[in-house]
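Geometric and topological summary
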Amino acid sequence: MYPLKRYFNMNNKLLIIKAITLLYRLTTLTDKLERPIQLLIDVTNAVKTPDMDLTVDRETRMMSQLKAITIEMIYASAEASYSIHDLLQRIQIVCEPDPILFEAFRDNILLELSQEDIKKECINIISMFRRYFKEKECKEVINKYAAIAKFRPEEIGDLGKFIQQMMTDLEPYRVIGEEVKPYKISSINFDDTESVVNAFRDVQKAKMVGGSMFRTGLQKINTFLDGGIRRGETILIGALQHNNKSGFTRQLFRNVCMLNTPVVDTPGKKPAVVFNSLEDSAEVLFEKLYRVMREQETKQACTADMVRSTSPEMMAEYVIRKLRQTGWHVIIECFNPSDMTYLDLQNEILELEAKGYEVQAWFVDYLSLIPTKGCIQGPHGVDLRDLFRRMRNFTAAKKIAFITPHQLSTEAKMLVREDTMDFVKQIANGGYYSGSRQIDQEVDTEIMMHIEKFDMGSYVQSYMTFQRGKHRGGEIIPEKDKYCVYPFANIGELPDDVDGECRAVAKVGAVPKVDLGEEQAKTVTDNAFWL
């Protein structure tokens with residue numbers, strides 16, 4: 001004998017009755033849905049029944065017969081149809097031990113539904129089945145690790161690694177449910193006019209600074225980004241070491257905070273810009289931020305002595321006031337990447353969202369410092385490419401602009417040693433990244449940059465050369481606009497020019513028109529050497 005409490009539970013009854021309901025409803029649709037045959041077979045396999053003999057009780061016999069009806073309907077022709085009265089009669093006879101189960105089936109199946117409602121019911125049942133199996137798989141993973149911890153603790157080894165592996169195995173089940181689908185970024189149904197109208201609203205919003213686009217402090221960078229940084233896109237800043245990758249990343253961070261007024265998608269949420277440093281300590285990062293912001297404002301050097309002589313309260317007030325002046329909530333965090341995975345990084349954003357923040361821009365300096373544990377492992381570079389793919393998919397779904405620098409490869413360094421002309425132009429779209437030549441396939445936008453020096457006679461002038469590589473989703477722009485050159489100022493980093501005269505020049509060795517004397521400036525043409 002198989003006692004009812006041991007062998008069957010409400011899930012078994014619900015599964016089998018829902019399967020029969022689904023199979024019947026699918027036959028009544030005029031606009032047919034594809035029958036999920038394998039899913040239904042999995043449902044019948046999940047309802048275990050013993051071999052029929054004289055020892056089985058009435059409840060067990062009922063479940064075996066309901067399962068047989070389900071299998072018969074699964075393997076029937078896709079064109080098969082059923083008499084509702086014959087089906088009800090058959091189910092009533094089989095459910096004689098449980099009349100309540102029959103009544104529940106009858107009351108549902110006799111409801112007169114529109115074609116749209118029938119389709120919705122079918123989709124809901126399919127979603128329920130999928131959720132059931134996902135929950136079952138999740139519990140099996142939990143039970144596996146619980147059994148090791150309880151009965152075979154000697155297999156644990158390093159507890160931290162054991163926990164991390166368990167988290168990795170559980171990652172696919174972080175969100176279970178039909179209501180929340182993290183993989184679905186958007187849905188537009190042409191039967192629903194409003195959803196199409198909303199799509200075009202998003203198109204307009206994506207083109208509007210302050211909506212889904214953030215302008216930077218450099219005019220030419222805004223030009224080759226087709227207006228600025230877009231929410232939902234991943235931007236990769238590529239350069240050789242000691243070429244101001246982190247400095248430019250911080251500059252873009254400041255620009256988003258100080259030049260853009262936030263607009264939230266969800267009323268009541270707090271718009272946030274997040275900066276995560278995996279390289280600098282908090283004291284180093286904050287000193288750099290304060291000094292550069294002071295130098296941009298005063299056009300005078302902010303020395304280490306000036307930092308030492310300024311009270312922490314005054315520096316804090318200054319940085320807070322500047323970065324929050326347009327209404328952003330600014331979060332800066334420094335991490336030890338050796339103790340993290342990409343899941344830890346993503347969880348930081350999830351925690352902020354749980355606290356009521358709407359993160360719109362996220363800067364990580366550098367993502368590649370995160371170990372690739374939990375990513376696909378394979379030939380050289382596969383894990384790093386997968387790391388970028390996972391981060392890009394996470395941020396795209398949440399409409400977060402994600403910006404991170406990355407070092408170029410030794411092959412790129414060889415080009416510099418060979419005195420390659422127009423270095424950034426040569427490496428753009430070439431996959432010259434350290435650790436993987438295929439990272440560019442996972443990001444939306446590439447910005448290549450390289451410092452070049454020019455002997456001006458009495459001094460040596462440094463220039464930052466930029467070349468835009470891949471740009472997914474932007475307008476097609478002239479090739480000449482994908483390249484720009486900015487001279488460094490005597491102090492600080494690249495001066496912002498978005499609200500004034502453009503400081504970009506045509507080539508290395510040129511002088512910005514704005515720096516020329518009044519008489520010289522009158523003779524300048526657009527093609528002049530110093531422009």
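Note: the structure precedes this text.
Structure report, in brief. (Residues numbered from 1 in each chain as written. Predicted model: local features only at pLDDT ≥ 70, side-chain atom pairs only at ≥ 80, totals over all residues. Heavy atoms only, no water.)

Let's talk about the layout of surface pockets
This is how the line gets drawn: Using protein atoms alone on a 1 Å grid, points that fit a 1.4 Å probe yet trap it form a cavity, whereas open point sets bounded by protein on both sides within 12 Å along at least five of seven lines form a pocket; residues with an atom within 4 Å of a point count as lining. Grid points are joined across faces, edges and corners, and a volume is the space filled by probe spheres set on the points. Residue type decides the class: Asp, Glu, Lys and Arg count as charged, Ala, Val, Leu, Ile, Met, Phe, Trp, Tyr, Cys and Pro as nonpolar, and the leftover types, Gly among them, as polar.
Roughly 690 Å³ of volume is contained in the second largest pocket. Q296, K299, P495, D496 and R503 are the residues nearest the centre of the second largest pocket, which is lined by 34 residues in total. For the lining of the second largest pocket, the class distribution of residues is 16 nonpolar, seven polar and eleven charged.

Let's talk about the packing of aromatic side chains
To keep it simple, the criterion reads: Centre distance within 6.5 Å is the pairing criterion for rings of Phe, Tyr and Trp, where only the six-membered ring of Trp is used; planes under 30 degrees apart are then read as stacked, over 60 as edge-to-face, and the remainder as tilted. In DSSP terms, a helix is any run of H or I states spanning at least four residues, a strand is any run of E spanning at least two, and both are numbered starting from the N terminus. Each residue is assigned to one of three classes by its accessible area relative to the maximum for its type, calculated with a 1.4 Å probe on protein chains only: buried under 20%, partly exposed between the two thresholds, exposed over 50%.
Across all of its chains, the model carries ten aromatic pairs by this definition. Between F248 and F466, the aromatic rings sit 5.0 Å apart at their centres with planes inclined by 45°, giving tilted as the arrangement. Taken together, the residues F248 in helix α11 (residues 245-259) and F466 in strand β9 (residues 460-471) connect sequence positions 218 residues apart. Neither residue differs from the other here; F248 and F466 are each classed as buried. Their ring planes at 65° and their centres at 5.1 Å tell us that W362 and F402 sit as a pair that is edge-to-face. Of the two residues, W362 is situated in strand β6 (residues 357-365) and F402 in strand β7 (residues 401-407); the sequence distance between them amounts to 40 residues. By relative accessible area, F402 is classed as buried at 1%. Members of the aromatic cluster, joined through ring pairs, are F253, F275 and F363.

Re the sheet that holds β9
Filter applied, for reference: Only when DSSP finds a minimum of two bridges between them are two strands counted as paired. Every angle, taken between N-to-C directions, lies between 0 and 180 degrees, and every axis is a line fitted to C-alpha atoms, over only the stretch in contact when it is a helix. Only heavy atoms enter the contact rule, under which two residues are in contact if any of them lie within 4.5 Å.
The strand order across the open sheet formed by eight strands is β5-β4-β6-β7-β3-β8-β9-β10, and the pairing between neighbours is mixed. Two strands close off the open sheet at either side, each with one partner strand: β5 (329-334) and β10 (483-487). The average angle at which neighbouring strand axes cross in this sheet is 20°, direction not considered. The pairing of strand β8 (residues 445-455) with β9 spans ten bridges and is classified as antiparallel. Within β9, the position partnered with D455 by the bridge is V460. The sheet strands contacting helix α12 (residues 282-298) are β4 (270-277) and β5, and the helix crosses β5 at an angle near 135°. Together, β3 (234-239), β6 and β7 form the strand contacts of helix α16 (residues 382-397), whose direction differs from that of β7 by roughly 160°.

Regarding α12
Residues spaced three or four apart along an α-helix point in a common direction, a consequence of the helix completing one turn every 3.6 residues. For clarity, the threshold we go by: To estimate the expected span of a helix, count its residues, drop one, and scale the result by 1.5 Å.
Over its 17 residues, α12 runs 24 Å from end to end, which matches the ideal 24 Å to within 8%, given 1.5 Å per residue. Those residues of α12 lying buried are L285, L289, Y290, V292, M293, E295 and Q296. Looking at the packing, one finds that the buried side of α12 touches α11, β4, α13 (304-309), α14 (312-323) and β5. K299, located one to two residues past α12, shows a positive phi value of around 60°.

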